[in-house]
Amino acid sequence: QVQLVESGGGLVQAGGSLRLSCIASGSMSGIVSMGWYRQAPGKQREQVAFIVIGGSTDYAESVKGRFAISRDNAKNTMYLQMDSLKPEDTAVYYCRMVGLWDYWGKGTQVTVAS
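To start, this report covers the structure provided alongside it. Here the structure is a predicted model, which is why all the values come from computation and not from measurement. (Residues numbered from 1 in each chain as written. Predicted model: local features only at pLDDT ≥ 70, side-chain atom pairs only at ≥ 80, totals over all residues. Heavy atoms only, no water.)

Here's the deal with the pattern of salt bridges
Overall, the coordinates contain 5 salt bridges when judged by the stated rule. In this structure, R38 engages D89 in a salt bridge whose closest nitrogen and oxygen atoms are separated by 2.9 Å. Taken together, the residues R38 in strand β4 (residues 33–39) and D89 in the loop between β8 (77–82) and β9 (91–98) connect sequence positions 51 residues apart. The two residues R38 and D89 agree in class, both being buried. In this structure, E61 engages K64 in a salt bridge whose closest nitrogen and oxygen atoms are separated by 2.7 Å. What makes E61 exposed here is its relative accessible area of 62%. Taking relative accessible area as the criterion, K64 reaches 41% and is therefore assigned partly exposed. (Salt bridge = Lys/Arg side-chain N within 4 Å of Asp/Glu carboxyl O. Helix = DSSP H or I, 4+ residues; strand = E, 2+ residues; numbered from the N terminus. Buried < 20%, exposed > 50% of the residue type's maximum accessible area, 1.4 Å probe, protein only.)

If you want it as structure tokens, here you go:
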């Protein structure tokens, strides 16, 4: 089984930045897409950023121009750079990788203070 571990969450003031990391166990061969999701208390989990194996990316309208998804295959790591953070970005952020199976991390808390 592939395991995903997120890190980099924390408390930041509005307008600040955070960089989230998601480290996957084993090889990412066979992974066809990966992305970042978030869930605030009492709300549905939503897709934040998405990248396919060919490199194309997509972002939720609410984060376009502020967030950037990237990957480092040599380190089996996916990143989410978050700039100009807003209080409404507060949520637990999860990484997801899709291949033969659908893999999810346990999440990392991001809190943005106004």
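Side note on the packing of aromatic side chains
Applying the stated criterion to the full structure yields 1 aromatic pair. The cationic tip of R19 hangs over the ring face of Y79; the distance from NZ or CZ to the ring centre is 4.4 Å. Taking NZ or CZ as reference, R45 lies 3.8 Å from the ring centre of Y94, over its face. (Phe/Tyr/Trp six-rings, centres within 6.5 Å; stacked < 30°, edge-to-face > 60°. Lys NZ or Arg CZ within 6 Å of the ring centre and 35° of its normal.)

Describing the nonpolar core
Ranked by internal contacts, the top residues of the largest apolar core, which has 30 residues, are W36, L80, M82, Y93 and M97. Residue assignment for this core shows that the elements contributing at least two residues are β3 (18–24), β4, β5 (46–52), β7 (67–72), β8, β9 and β11 (108–113). Among all residues touching M82, those that are not within four sequence positions of it are G16, S17, L18, L20, R66, F67, Y93 and V110. (Core = buried A, V, L, I, M, F, W, Y, C linked by side-chain atoms within 4.5 Å. Contact = heavy atoms within 4.5 Å.)

Section: the sheet that holds strand β1 (residues 4–7)
If you walk across this open sheet you meet the 4 strands as β1-β3-β8-β7, and the pairing is antiparallel. In this open sheet, the two strands that pair with only one neighbour each are β1 and β7. Within the sheet, the average angular offset between the axes of one strand and its neighbour, ignoring direction, is 15 degrees. Of the pairings in the sheet, the one linking β3 to β8 comprises 6 bridges and is antiparallel in character. When the sheet's bridge partners are listed, S21 is paired in β8 with Y79. (Pairing = 2+ DSSP bridges. Axes fitted to C-alpha atoms, helices over the stretch in contact; angles between N-to-C directions.)

Note that all results are geometric; they support no functional claim without further evidence.
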